[in-house]
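Below, each chain spelled out in residue letters.
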Amino acid sequence: FYGLTSQGGGNDQGVLFEFDPTTNAYSKKLDFLGASNGAYPYASLVLFSNGKLYGTTDGGGSNGVGTLFEYDPTTNIYVKKIDFSNTEGSNPRCELTILNDKLFGLTYGGGANGLGVIFEYKPSTNEYAKKVEFNGTTMGANPEGSLTLTSNGKLYGMTYGGGLNGMGVLFEYAPLTNTYVKKKDFSGNTTGENPFGSLVEYPSGKVYGMTYSGGANNKGVLFEYDLLMDT
């Protein structure tokens, strides 16, 4: 198993580690250093078709607002691939989502409005593209979680803030057409507010998620969303 910590290590900026369940052996493979290779990774690694692992850091990099990186477990080689910036998106806190030959993700901040972006990254050519910029009321703001690829071939995610009520939104993104659609505005007592984390699809065609707060007790809710019925 391979994973990340957001703190600790030689620089207290997180580590990349390996764990062998057969021998119960833990090995630190990399210390995050800040500007040179990123700092404070918050999400998980994903295994791409080339046999390498990809992830993001919330901080560090040349601009201090995060990186996208590649790690080869066979050779123990780490390569910083992208330095995020305030223009192109900043502070990614997402696990990357694999779709064909590309990776898709979210940044918490940055973009034209400073409220986060949806981005696309192609490992084979090292190409990064900003696809959608969140703008607050009409699209949501500051996504905390990751994108979820569902059975209809589209990506779904949530923003922590923004929307009509300023409490976050649930959205759909079609990568083939680069089309973004806000599907639901969170509303507090009724549907919860400030969704945190990622959605999970159940075989029934419904997705499930949670909010940080809102609901009858203002302690958050667990909700269900039907992809087909849009309810």
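Details of the structure are given in the entry above.
Residues numbered from 1 in each chain as written. Predicted model: local features only at pLDDT ≥ 70, side-chain atom pairs only at ≥ 80, totals over all residues. Heavy atoms only, no water.

Brief notes about the overall build of the chain
In terms of helices and strands, the chain carries 0 helices and 19 strands. A globule of 231 residues ought to have a C-alpha radius of gyration of about 17 Å, and the chain, at 18 Å, matches this closely. A total of 231 residues make up the chain; the buried ones form 48% of that total. Long-range pairs, those at least 24 residues apart, make up 34% of the contacts in the chain with a sequence separation of at least 6. Working note: accessible area of the chain is about 10,600 Å², and carbon and sulfur atoms make up 49% of it. The averaged location of the 22 negative side-chain charges in the chain is 3 Å from the averaged location of its 16 positive side-chain charges. (Helix = DSSP H or I, 4+ residues; strand = E, 2+ residues; numbered from the N terminus. Rg over C-alpha atoms; globule rule 2.2 N^0.38 Å. Buried < 20%, exposed > 50% of the residue type's maximum accessible area, 1.4 Å probe, protein only. Contact = heavy atoms within 4.5 Å. Areas by Shrake-Rupley, 256 points an atom, 1.4 Å probe, with all protein chains shown as cover. Lys, Arg positive; Asp, Glu negative; His and termini not counted. Charge placed at Lys NZ, Arg CZ, Asp CG, Glu CD.)

Remarks on the pairing of strand β7 (residues 77-83)
Of the strand pairs in this sheet, strand β6 (residues 67-72) and β7 are connected by 6 bridges, and their pairing is antiparallel. By the bridge assignment, D72 is partnered in β7 with I77. (Pairing = 2+ DSSP bridges.)

So, the pairing of β6
With respect to burial, β6 is a largely interior element, 6 of its 6 residues being buried. Neither face of β6 is left uncovered, since the one carrying T67, F69 and Y71 and the one carrying L68, E70 and D72 both have all their residues buried. Counting the residues that bridge the hairpin from β6 to β7 gives 4 residues, and of these N76 lies at a positive phi of roughly 60°.

Thoughts on the environment of P73
Within the secondary structure, P73 sits in the loop between β6 and β7. Given a relative accessible area of 25%, P73 falls into the partly exposed group.

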